[in-house]
Amino acid sequence: ASMQEEKLSKRAHVAPLEDGDQPERETFLQQKDGGTSPQFTDFEGKTSFGMSVFNLSNAIMGSGILGLSYAMSNTGIVLFLVLLTCIAGLSCYSVHLLLCSAGVVGIRAYEQLGLRAFGHPGKILAAVVITLHNIGAMSSYLFIIKSELPLVIQAFLGQTSNSHDWFMNGNYLIIIVSVCIILPLALMRHLGYLGYTSGFSLSCMLFFLSAVIYKKFNISCPLQTFGNTSVSHVVPDDSCTTKYVTVNQETAYTIPILAFAFVCHPEVLPIYTELSNPTRRRMQNIGNVSILGMFSMYFFTAIFGYLTFYARPPRKNTEAELLHTYSEVDPLDTLVLCVRVAVLVAVTLTVPVVLFPIRRAVLQLLFPGKFNWLRHTCIALCLLFVVNLLVILVPNIRDIFGITGATTAPSLIFILPGLFYLRIVPTNQEPLTSRPKIQAACFTALGLIFMTTSLTFVGLDWTSGETPRLGGH
């Protein structure tokens, strides 16, 4: 046998199987035309369990955390906790379906599962859904820049009210940041050190959570403070009362926001590939630990943010982007300013990281072949132009969370993993009438129900025109 064959043989036997694990099929390393060259994986994974948890947690964590307090203000604590638990549990089950499907055919790439399940249309569908979701994520990051950067400039200038200067206009600022910072980073041929920004982003969000908890005990209700001036408002008696279960027109955004906050599924299989001693149970435990950790972080962020502002006057309730809400309490607050700067740096550096897989997917679908600088640059410019246009036209980050969380998020978490499992797992191993296949079918149907109802209610909210657009610039 050749050296490479010996290497592949060792790779196939490197990990002892744990109880209950199915051995990976010999086709784990997909062959091209019967040759010995591996198509997807040609190295032995060396990432530890702890680092894999860290990487998957980074994949889960994103801008969705800023909308959770708003979601809780429109559901109440108990209903929010029930929905958060359901979405987290279903996300764990979704990871299970992906790992089972990948183990059967030896594929560890989301788009390739689509190819294996439905042929070339399946690959295109998976790539398009992932691309649209990443565009939604980029839009949410740029919306945070649009919303928060003017407030940072305002604080540094010592102003306590909005001015009409051009450098305080969020639309101009996102164009400047996109051209001067994001575009040069996006034009790099390889990610390089940009990959480490995910760790910095997670640290910023932990800092954000600490600040939310601290401010809960420093902001009174219903008294608001602007600088050194205390201003009292005539408020309803129940404005600072904790709601345990409540339903209103904006409750429709809760499930999309939660779904958006838990999407990490395209990254599960690459992390599995790089895992040392990879077994399905080991990777499932990584997914469970990561989702449980983010569940805890999300709940604490939501409840302390909600208990700070409630249905705080003069607004109807907590704003869709929590960090923006603090500006109406004290625009010059030093701690909130530090959090703003940290979050702004994190999201600015994350945009190129999210842009890379979008461009790679577009290049693979439309221009497979050698690297070309002109195409590399043009796609980055077009993507940034489209995303900037979206952010300028969309009045509220809630709308980005709503439409992305109602379309691409249910597709990536519920619909596609369920369909992959139904199509890929052989019927002689699990008949269509078996319990796992029925569960997967119900899971897929649940995703379709979530998508349909969420889109319906979000559409009704948009067309009714009754709900004011909160938090927009």
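Keep in mind the model is a prediction, meaning the values are calculated, not measured.

## With respect to the overall build of the protein
Logical step 1: Summing up its helical and strand segments, the protein has 17 helices and two strands in all.
Logical step 2: Within the protein, the proportion of its 473 residues that are buried is 52%.
Logical step 3: Long-range pairs, those at least 24 residues apart, make up 83% of the contacts in the protein with a sequence separation of at least 6.
Logical step 4: When the accessible surface of the protein is split by element, carbon and sulfur atoms take 64% of a total near 20,900 Å².

## Here's the deal with helix 9 (residues 254-262)
Logical step 1: Counting buried positions over the nine residues of helix 9 gives eight, a clear majority of the element.
Logical step 2: Among all positions of helix 9, only T254, P256, I257, L258, A259, F260, A261 and F262 are buried.

## Digging into a nonpolar patch on the surface
Logical step 1: Side chains of I124, V128, L132, L365, L366 and F367 sit close together on the surface and give an oily, nonpolar patch of about 480 Å² of accessible area.
Logical step 2: Looking at the nonpolar patch, the elements with two or more residues in it are helix 6 (120-156) and helix 13 (334-366).
Logical step 3: If you tally residues by element for the nonpolar patch, the top one is helix 6, at three residues.
Logical step 4: Turning to its location among the elements, L365 is positioned in helix 13.
Logical step 5: For L365, a relative accessible area of 31% corresponds to the partly exposed category.

## With respect to the pattern of salt bridges
Logical step 1: By the definition in use, this model includes four salt bridges.
Logical step 2: Across the salt bridge formed by R340 and E148, the nearest N and O atoms sit 2.3 Å from each other. Here R340, found in helix 13, pairs with E148, found in helix 6; they are 192 residues apart in sequence, far enough to count as distant. The same class applies to R340 and to E148, which are both buried.
Logical step 3: Of the charged contacts, one joins R398 and D399 as a salt bridge, the two residues approaching to 3.8 Å between their closest N and O atoms.
Logical step 4: Overall, the relative accessible area of 1% leaves R398 in the buried class.
Logical step 5: Looking at D399, the relative accessible area reads 5%, which means it is buried.
Logical step 6: Here the salt bridges share partners, and the residues they tie into one network are E250, R398 and D399.

## Brief notes about the packing of aromatic side chains
Logical step 1: Applying the stated criterion to the full structure yields eleven aromatic pairs.
Logical step 2: A ring pair is formed by Y110 and F420, whose centres lie 5.6 Å apart and whose planes are at 65 degrees; its orientation type is edge-to-face. Placement of the pair is Y110 in helix 5 (residues 110-118) and F420 in helix 16 (residues 408-424), with a sequence separation of 310 residues. Of the two residues, Y110 and F420, both sit in the buried class.
Logical step 3: Taken together through their ring pairs, the aromatic side chains of Y93, F414, F443 and F450 make up a single cluster.
Logical step 4: Here K216 stacks its cationic end above the ring of F217, 5.3 Å away from the centre of that ring.

## Topic: the nonpolar core
Logical step 1: Formed by 126 residues in total, the largest nonpolar core has its most connected members in F80, F262, M283 and Y298.
Logical step 2: Tallying contributions element by element places helix 4 (residues 77-105) first for this core, with 15 residues.
Logical step 3: Non-local contacts of F80, meaning those with residues more than four positions away in its chain, are made with L68, A71, M72, T75, L258, F299 and A302.

## Details of the side chain of N396
Logical step 1: Among the structural elements, N396 can be located in the loop between helix 14 (373-393) and helix 15 (397-406).
Logical step 2: Classification of N396 by relative accessible area gives buried; the value is 2%.
Logical step 3: Polar side-chain contacts of N396 include one of 2.8 Å to the backbone nitrogen of R398.

## Comments concerning helix 13
Logical step 1: Taking 1.5 Å of rise per residue, the 33 residues of helix 13 would be expected to cover 48 Å, and the 48 Å separating its terminal C-alpha atoms lies within 8% of that figure.
Logical step 2: One side-chain oxygen of the residue at the start of helix 13 lies 3.0 Å from the amide nitrogen of L335, identifying that residue as D333.

## Focus: unusual backbone geometry
Logical step 1: Backbone geometry at N277 places phi at a positive 50 degrees, although glycine is not the residue there.
Logical step 2: Along the chain, N277 falls in the loop between helix 10 (265-273) and helix 11 (280-309).

## Focus on the packing of helix 5 against helix 6
Packed helix pairs are specified by the crossing angle of their axes together with the interaxial distance, meaning the distance between the axes.
Logical step 1: It is the contact of helix 5 with helix 6, at a shortest axis distance of 6 Å, that shows an interaxial angle of 150 degrees. Comparing their axes, helix 6 and helix 5 come out roughly antiparallel. The two elements helix 5 and helix 6 cross, and the hand of that crossing is right-handed. Where helix 5 approaches helix 6, its residues Y110, E111, Q112, G114, L115 and F118 are matched on the opposing element by H120, P121, G122, K123, A126, A127 and I130.
Logical step 2: Of the residues in the contact of helix 5 with helix 6, the class split is seven nonpolar, four polar and two charged.

## Digging into the confidence of the model for the protein
Logical step 1: When pLDDT is averaged along the protein, the result is 79, and 80% of the positions lie at 70 or above.
Logical step 2: Within the model, the stretch residues 466-473 combines pLDDT values under 50 with 20 contacts to residues more than four positions away or in other chains.

## Observations regarding the packing of helix 6 against helix 13
Logical step 1: Two elements in contact, helix 6 and helix 13, have axes whose closest approach is 8 Å; the angle formed by their N-to-C orientations is 155 degrees. As far as their axial angle goes, helix 13 and helix 6 are roughly antiparallel. For the crossing formed where helix 6 meets helix 13, the hand is left-handed.
Logical step 2: A breakdown of the residues in the contact of helix 6 with helix 13 according to their chemical character gives 25 nonpolar, four polar and two charged.

Procedures and definitions
- Within each chain, residue numbers correspond to sequence positions counted from 1 in written order.
- At least 70 in pLDDT is required for a residue's local features to be given in this predicted model, at least 80 for side-chain atom pairs to be given and counted, and no such filter applies to totals for whole chains, interfaces and linings, which use all residues.
- Note: side-chain values were computed over all heavy atoms of the structure, leaving out hydrogens and water.
- The way it works is that DSSP assigns letters per residue, a run of H or I at least four long becomes a helix, a run of E at least two long becomes a strand, and they are numbered from the N terminus.
- Relative accessibility thresholds used throughout: buried, under 20% of the residue-type maximum; exposed, over 50%; partly exposed, between the two (1.4 Å probe, protein chains only).
- Residue contacts are counted whenever heavy atoms from the two residues lie within 4.5 Å of one another.
- We get accessible surface area from the Shrake-Rupley algorithm with a probe of 1.4 Å; when it comes to residues, only the shown protein chains can shield them.
- Exposure above 30% relative accessible area and no salt bridge define the residues that can form patches, which grow by joining like charges within 9 Å and nonpolar side chains of Val, Leu, Ile, Met, Phe, Trp and Tyr within 5 Å.
- Salt bridges are defined as contacts in which a side-chain nitrogen from Lys or Arg sits within 4 Å of a carboxyl oxygen from Asp or Glu.
- Ring pairs are drawn from Phe, Tyr and Trp, using the six-membered ring of Trp, whenever the two centres fall within 6.5 Å, and their geometry is named by plane angle: stacked under 30 degrees, edge-to-face over 60, tilted for the rest.
- Counting as a charge over the ring demands two things of the Lys NZ or Arg CZ atom: a distance within 6 Å of the ring centre and an angle within 35 degrees of the ring normal.
- Residue types Ala, Val, Leu, Ile, Met, Phe, Trp, Tyr and Cys, when buried and joined through side-chain atoms within 4.5 Å, form a set referred to as a nonpolar core.
- Pairs of N or O atoms are called polar contacts if they sit within 3.5 Å, as long as, within protein, a hydrogen donor faces a hydrogen acceptor (for residues adjacent in sequence, only side-chain-to-side-chain pairs).
- Expected span of a helix: the number of residues minus one, times 1.5 Å.
- Only the stretch in contact is used when fitting a helix axis, every axis being a line fitted to C-alpha atoms; angles between N-to-C directions are given from 0 to 180 degrees.
- Here roughly perpendicular refers to angles of 65 to 115 degrees, roughly parallel to angles under 35, roughly antiparallel to angles over 145, and oblique to all remaining angles.
- Two helices crossing with the near one rotated counterclockwise from the far one by less than a right angle form a left-handed crossing, whereas a clockwise rotation gives a right-handed crossing.
- Following the grouping adopted for this structure description, the nonpolar residues are Ala, Val, Leu, Ile, Met, Phe, Trp, Tyr, Cys and Pro, the charged ones are Asp, Glu, Lys and Arg, and the polar ones are all others, Gly among them.
- Confidence scores per residue from the predictor, reported as pLDDT, run from 0 to 100.

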